[in-house]
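If you want the building blocks of each chain, they are given just below.
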2 protein chains.
Amino acid sequence: MSKVLVFGHQNPDTDTIASAISMAYLQQQLGVDAEAVALGEMNEETAYALNEFGVAPLRIIESAKAETTEVMLVDHNEAQQSVGDIKEVDVLAVVDHHRIANFETANPLYYRAEPVGCTNTIIYKMYQEHEVAIPKDVAGLMLSAIISDTLLFKSPTCTEEDVKVAEKLAAIAEVDMETYGLNMLKAGTNLATKSDEDLLNMDAKSFNMGDKVVRIGQVNTVDVQDVLSRQASVETAMAGQNEANGYDLFVLIVTNILDSDSVILVVGEPKENVEKAFNVTLENNTALLKGVVSRKKQVVPQLTESF
Amino acid sequence: MSKVLVFGHQNPDTDTIASAISMAYLQQQLGVDAEAVALGEMNEETAYALNEFGVAPLRIIESAKAETTEVMLVDHNEAQQSVGDIKEVDVLAVVDHHRIANFETANPLYYRAEPVGCTNTIIYKMYQEHEVAIPKDVAGLMLSAIISDTLLFKSPTCTEEDVKVAEKLAAIAEVDMETYGLNMLKAGTNLATKSDEDLLNMDAKSFNMGDKVVRIGQVNTVDVQDVLSRQASVETAMAGQNEANGYDLFVLIVTNILDSDSVILVVGEPKENVEKAFNVTLENNTALLKGVVSRKKQVVPQLTESF
């Protein structure tokens, strides 16, 4: 077997980076020549976590087939969220916690998905099943991923299993998960230094819904005014991305991690599908979604349904 | 949670029926109100296995949403192989050992696929993980499924894991797997009493390849002349099915389970994709494929590639 690249989705978040690292380490222990790589620059939250546990940033790739014929995907499966030439390599394995869509293989493969809050919760179970010990630094990153994806266990995507696994990982990593977790989340909310483009790209994914391409970005903050105070220029950047990339609709979710609410900002059409999905009326292209913090559970299914 | 229907693919084979039964039993032990059902009449091999272990035939359903909103799929994922209204119900879980294609959900789900010879090999591991004991009759059916899918361990799809799991199941079921296995396989090869339509429907699946719909049927025999002696009328029936169901191409694989070779019979177009896929020249619409016994590993990927 030649080298196997292991990577998560574009616009990597903490779970995607940590999953690539934890999955590649597990595969290496099982005898696979696996390398964790990333499809883009990591965000500040992830940088905080890597720094905290002394792990080097991942190498960034533009193409998979330039280096290998075999890959493993973590934390995603949809082709439009993956490396550009994903259809030209063989997918040996997928570990994920999202819906399955726009994913197809010619051959049988290893696919493991569970409806839990974080990919690393599943990877933790795989370590247990293979009886592979988790090193302290890898455990710290896996814990960071669970905290990030569940917003410190507040998201409706968070399951009992995520909490239990996080507790075990915190013990291995020797950190207090509440204190460490809040510091890590806050490190990811410094929006003031970000350009509008950076802000849109921090954690954005594309979805095919009906015959439309919908781009959904999400930023965390401790004050939604961080974003709303620059709404005009952000909207211009959103329209520019729609135009340049063929998105029909761009939905930006601005999530207050302290209140666990979100404001959405919408550019493109059909806006009425957004209003229908959340039973709201957009005012000045925005709406408050009370209690909404999860793109996966509280935004994507509702939008998919309304398309 | 309301009742959850658990079923395998259309034209059920032994693995599909046994998977539905073993998965539903496991789910019941985990507190789910699960019922195993089938999407069509079972074949003679499966009937032999059910009879041998004293299990009643499954109820056959035409529609999922007429009875429930939630289903679990075993031994398949592609929509065209599933119940007709699969897109109108929620798929809670999939356990499978095939490629993934034409499968999409709105929500995250439990998906477990491994590139092993038989779905029941994976389900066996799930019993272990949940520490649920396998009853003797269920173990017998799970063993039957592994023997069926691997042609008594001769298929290239068979893995070490399939063999190991089969040995454990044979011990629980209290049968000699070689003797029982050959008897069961032979029970499925009695083609003389079958109509041409029955023969085509015994184990047939549809695949979207490029922009074509390809129907691939497989029958096991101890003498390929069983089928070739009635080639003219079988071809007429294949052409009739193509016409009636919109298949572009029908490939019937006639597998000699003693020699582990197959003869293919091809009706429809483009035939040249079949010749290219297997590097053969069709003579009188047939070709011998030496050493080919597995549709999944030795036919579908090659055809997919050539489309």
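What you see is a predicted model; the values in this text were computed from it and never measured. (Residues numbered from 1 in each chain as written. Chains lettered and ligands numbered in written order. Predicted model: local features only at pLDDT ≥ 70, side-chain atom pairs only at ≥ 80, totals over all residues. Heavy atoms only, no water.)

Colleague: I'd love a proper account of the overall build of chain A, names of residues and values included.
Modeller: Summing up its helical and strand segments, chain A has 12 helices and 10 strands in all. For chain A, the C-alpha radius of gyration of 19 Å lies close to 19 Å, the compact-globule estimate for 307 residues. Burial statistics for chain A: of 307 residues in total, 63% are counted as buried. Considering only intrachain contacts with a sequence separation of at least 6, the fraction spanning at least 24 residues in chain A is 65%. Accessible area for chain A stands at about 11,700 Å²; split by element, carbon and sulfur atoms hold 47% of it. Here chain A holds 23 positive side-chain charges and 47 negative ones, and the gap between their average locations is 2 Å. (Helix = DSSP H or I, 4+ residues; strand = E, 2+ residues; numbered from the N terminus. Rg over C-alpha atoms; globule rule 2.2 N^0.38 Å. Buried < 20%, exposed > 50% of the residue type's maximum accessible area, 1.4 Å probe, protein only. Contact = heavy atoms within 4.5 Å. Areas by Shrake-Rupley, 256 points an atom, 1.4 Å probe, with all protein chains shown as cover. Lys, Arg positive; Asp, Glu negative; His and termini not counted. Charge placed at Lys NZ, Arg CZ, Asp CG, Glu CD.)

Colleague: Explain the side chain of S294 of chain A residue by residue, including any values.
Modeller: Residues and elements named next belong to chain A. By the secondary structure assignment, S294 is in the loop between β10 (286–289) and α11 (295–298). A distance of 3.4 Å separates the side chain of S294 from the backbone nitrogen of K296, its partner in a polar contact. Residue contacts for S294: discarding those within four places in its chain leaves S155, P156, T157 and V299. (Polar contact = N/O pair within 3.5 Å; in protein donor to acceptor, adjacent residues only side chain to side chain.)

Colleague: How would you explain the relation of the copies chain A and chain B if you had to name every residue and give the values?
Modeller: A rotation about an axis combined with a shift along that same axis relates the two copies of the chain. Taken as rigid bodies, chain A and chain B are interconverted by a rotation of 180° and an axial shift of 0.0 Å, the fit giving an RMSD of 0.0 Å. Accordingly, the operation relating the two chain copies is best matched by a two-fold axis. Relative to the rotation axis, the closest C-alpha in chain A is found at R112 of chain A, a distance of 2.4 Å. (Least-squares fit on C-alpha atoms with pLDDT ≥ 70 in both.)

Colleague: I'd like a description of unusual backbone geometry, backed by residues and values.
Modeller: Residues and elements named next belong to chain A. Residue P270 is reached from E269 by a cis peptide bond, and omega for that bond is 0°. Within the secondary structure layout, P270 lies in the loop between β9 (261–268) and α10 (271–278). Phi at N279 is positive, roughly 55°, even though this residue is not glycine. Looking at the element boundaries, N279 is found in the loop between α10 and β10. Overall, the relative accessible area of 73% leaves N279 in the exposed class.

Colleague: I'd like a description of the sheet that holds strand β6 (residues 204–209) of chain A, backed by residues and values.
Modeller: Adjacent strands of a sheet pair through backbone hydrogen bonds, lying either parallel or antiparallel. All names here are of chain A. Taken in spatial order, the 5 strands make up an open sheet running β6-β7-β8-β9-β10, and their pairing is mixed. Looking along the sheet, the strands with just one partner apiece sit at the ends: β6 and β10. Neighbour to neighbour, the strand axes of the sheet diverge by 25° on average, direction disregarded. Relative to strand β7 (residues 212–221), β6 runs antiparallel, the two being bridged by 6 bridges. Bridging from a neighbouring strand, F207 pairs with V214 of β7. The strands touched by α10 within the sheet are β8 (249–256), β9 and β10, with β9 carrying the most contacts at an inclination of about 155°. (Pairing = 2+ DSSP bridges. Axes fitted to C-alpha atoms, helices over the stretch in contact; angles between N-to-C directions.)

Colleague: I'd like to hear about the UniProt feature "domain: DHHA2" (unreviewed entry) in chain A, residue by residue, with values.
Modeller: UniProt records the feature "domain: DHHA2" (unreviewed entry) for residues 181–307 of chain A in the present numbering. Along residues 181–307 of chain A the backbone is 40% helical and 28% strand, and the end-to-end C-alpha distance reaches 36 Å. (UniProt positions renumbered as here; feature names shortened; annotations may be inferred.)

Colleague: Break down the domain arrangement of chain A for me, with residues and values.
Modeller: Residues and elements named next belong to chain A. The domain architecture assigned to chain A consists of domain 1 (4–189) and domain 2 (196–306). Using C-alpha coordinates to define each centre, domain 1 is positioned 24 Å away from domain 2. Between domain 1 and domain 2, the contact holds 21 residues from the first and 24 residues from the second. Roughly 1,900 Å² of surface becomes buried between domain 1 and domain 2 when both sides are summed, with 52% attributable to carbon and sulfur atoms. On inspection of domain 1 and its partner domain 2, the count reaches 0 salt bridges. Joining domain 1 to domain 2, the criterion identifies 6 residue pairs in polar contact (both at pLDDT 80 or more). (Domains from an automatic or database assignment. Buried area = accessible area lost by both parts, 1.4 Å probe. Salt bridge = Lys/Arg side-chain N within 4 Å of Asp/Glu carboxyl O.)

Colleague: Tell me about the UniProt feature "binding site: Mn(2+) 1" (unreviewed entry) in chain A, and name the residues and values.
Modeller: Residue and element names in this part refer to chain A. Following the UniProt record, the feature "binding site: Mn(2+) 1" (unreviewed entry) maps to H9, D13 and D75 here. Spatial clustering of the annotated residues is evident: they stretch over 67 residues in sequence, but the largest pairwise C-alpha distance comes to 9.7 Å. As for its position among the elements, H9 is in the loop between β1 (4–7) and α1 (14–29). The buried category is assigned to H9, whose relative accessible area is 1%.

Colleague: Any details on the packing of aromatic side chains? Residues and values, ideally.
Modeller: Residue and element names in this part refer to chain A. For the structure shown, the criterion picks out 11 aromatic pairs over all chains. Plain terms: the ring middles of F53 and Y180 are 5.4 Å apart, the flat faces sit at 70° to each other, and that makes the pair edge-to-face. Taken as a pair, F53 in the loop between α2 (44–52) and β3 (70–74) and Y180 in helix α6 (residues 177–187) lie far apart in primary sequence, 127 residues in all. As far as burial versus exposure is concerned, F53 and Y180 are alike and both buried. (Phe/Tyr/Trp six-rings, centres within 6.5 Å; stacked < 30°, edge-to-face > 60°.)

Colleague: Lay out helix α3 (residues 119–130) of chain B in plain terms, naming residues and giving numbers.
Modeller: Compared with an ideal rise of 1.5 Å per residue, which puts 12 residues at 16 Å, α3 of chain B spans 17 Å between its outermost C-alpha atoms and is within 8% of the ideal. With its phi angle positive at about 55°, E131 of chain B sits one or two positions after the end of α3 of chain B. (Expected span 1.5 Å × (residues − 1).)

Colleague: If you had to explain the environment of V292 of chain A to someone new, which residues and values would you point to?
Modeller: Residue and element names in this part refer to chain A. Considering the arrangement of structural elements, one finds V292 in the loop between β10 and α11. For V292, a relative accessible area of 10% puts it in the buried group. Taking the C-alpha atoms as reference points, V292 and P156, separated by 136 residues in sequence, lie 8.6 Å from one another. Other than its neighbours up to four places away in sequence, V292 contacts S260, D261, S262, Q298 and V299.

Colleague: Provide a residue-level description of the packing of helix α4 (residues 136–150) of chain B against helix α5 (residues 160–173) of chain B, including the pertinent values.
Modeller: All names here are of chain B. Interaxial distance between α4 and α5 falls to 8 Å at its minimum, and their mutual angle equals 145°. The interaxial crossing formed by α4 with α5 has left-handed handedness. In contact with K136, A139, G140, M142, L143 and I146 of α4, α5 contributes D162, V165, A166, L169, A170, I172 and A173. The class makeup of the residues in the contact of α4 with α5 is 10 nonpolar, 1 polar and 2 charged. (Left-handed = near helix turned anticlockwise from the far one by under 90°. Nonpolar A, V, L, I, M, F, W, Y, C, P; charged D, E, K, R; others polar.)

Colleague: Could you give me a rundown of the pattern of salt bridges, with the residues and numbers involved?
Modeller: Residues and elements named next belong to chain A. Evaluated as defined, the whole model comprises 32 salt bridges over all chains. Of the charged contacts, one joins E35 and K3 as a salt bridge, the two residues approaching to 3.4 Å between their closest N and O atoms. With E35 in strand β2 (residues 34–36) and K3 in the segment before β1, this pair connects stretches of sequence that are 32 residues apart. What makes E35 partly exposed here is its relative accessible area of 23%. Several salt bridges share partner residues, and in doing so they unite R112, E114, K125, E129 and E161 into one network.

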